[in-house]
Every structure is written in C-alpha cells, then in structure tokens.
Amino acid sequence: MKYDHANFHWDNEFPKDVPEDNAMTHMGFFFAWALSRGLVSDFHREEEDSAGPLALVQSRTMSPRDFVIRYCDSQFTNEDFTESGNEFVDNYYVKHYFDDYCKVFEGSVETIYHVDDNWENVDKMALLLDIRFEEWKTRRDSKPWWKFWQRKTF
C-alpha cells in the first residue's frame, strides 16, 4: 500500500522556485521520527544497499529526506514501517500529518515546500509527533465505552 509519494505533491500547486526534492522534506521528517521510535521495518536494515545509510540517518549524518529519496523511491509504503508503524501511518499520517506539518511551519516560510531540510526542523516535528503518537496509542488501547463494565481477569 502506498501512503505518500512525491508525485502527490508535484501534481499539486508545487512552487517552481524550489527543488523537486522539497516535496519529500515532510516525509523525511516523519521517517526520522519513526526510525527513532522503532517504527521503521527491518526491511531497510536487512537490505544491503540501505542498511549503512539507515545508520547514517540514525547518527544524523545523512538527511532523512535524502534517505527517503534514495532508498524509499521517494514514497512511503507499508514495507517501510512495522505493524504498529503502519497502524499509526494509516490512522494519523494519511489523515492528519500534512496538516500538522503545515501548522508547525506556517508563517515561517513562503510555502510549506520551502521548509529547510535540517535536524532542527526534524526535532520541531518530533515534538508534535510524540504527542500525536501518544494520543493515538491511548485511543487504540482504550476499552470501547460499551465494555465499561467488564473487568480484566488475571
């Protein structure tokens, strides 16, 4: 399943004055956060071509956007994330991430595609992603309201 791809952004109102790679900056930020939270699948660790670069992203010596471009083919699919990661991507990334990304950076850049690909900006998004992830886990793990009377048995 494909969650996001650079084409989705190039086909929109993509500004002519920025490099096309900027269409994947937001994806790189999310990928770096997911990697740091153990939500990236072993696929990239096991692939000979991407294992070394993945370690460079973890050590912050490679841009996560560059990793997404080179080793994720400028897209996110279900192969990129763990089972939990895919659930979060389905429930948050696909529906709300880009809006949150826009809110974090609006007013500080000409367009959302002008956001600088740097670790300071990754960290800004990571703060919000941590909150969204915890909110999602709470909703996912809570008992449905109609089961309020059931007790856990040990």
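Given the structure is predicted, the values throughout are model-derived calculations rather than measurements.

Trainee: What's the story with the pattern of salt bridges in this structure? I'm lost.
Mentor: Pairing between side chains of opposite charge can happen when the charged atoms of each approach one another. Taken as a whole, this structure holds 9 salt bridges when the rule is applied. One salt bridge connects R37 with D130, and the closest N-O pair in it is separated by 2.8 Å. Of this pair, R37 sits in the loop between α2 (25-36) and α3 (43-46) while D130 is found in helix α7 (residues 119-141), placing the two residues 93 residues apart along the sequence. A salt bridge links K137 to E134; its shortest N-O distance comes to 3.1 Å. Taken together, the positions of K137 and E134, both in helix α7 and 3 residues apart, correspond to about one turn of that helix.

Trainee: Is there a simple way to explain the packing of α2 against α7 in this structure?
Mentor: The axes of two packed helices give the description: the angle between them and the distance between them. Where α2 contacts α7, the two axes come as close as 9 Å, and the packing angle between them is 60°. Taken as a pair, α2 and α7 cross one another with a handedness that is right-handed. In this structure, α2 uses F29, F30, A32 and W33 to contact α7, whose residues at the interface are W119, N121, V122, M125, A126, L129, D130 and F133. Across the contact of α2 with α7, the residue classes break down as 10 nonpolar, 1 polar and 1 charged.

Basis of the calculations
Residues numbered from 1 in each chain as written. Predicted model: local features only at pLDDT ≥ 70, side-chain atom pairs only at ≥ 80, totals over all residues. Heavy atoms only, no water. Salt bridge = Lys/Arg side-chain N within 4 Å of Asp/Glu carboxyl O. Helix = DSSP H or I, 4+ residues; strand = E, 2+ residues; numbered from the N terminus. Axes fitted to C-alpha atoms, helices over the stretch in contact; angles between N-to-C directions. Left-handed = near helix turned anticlockwise from the far one by under 90°. Contact = heavy atoms within 4.5 Å. Nonpolar A, V, L, I, M, F, W, Y, C, P; charged D, E, K, R; others polar.

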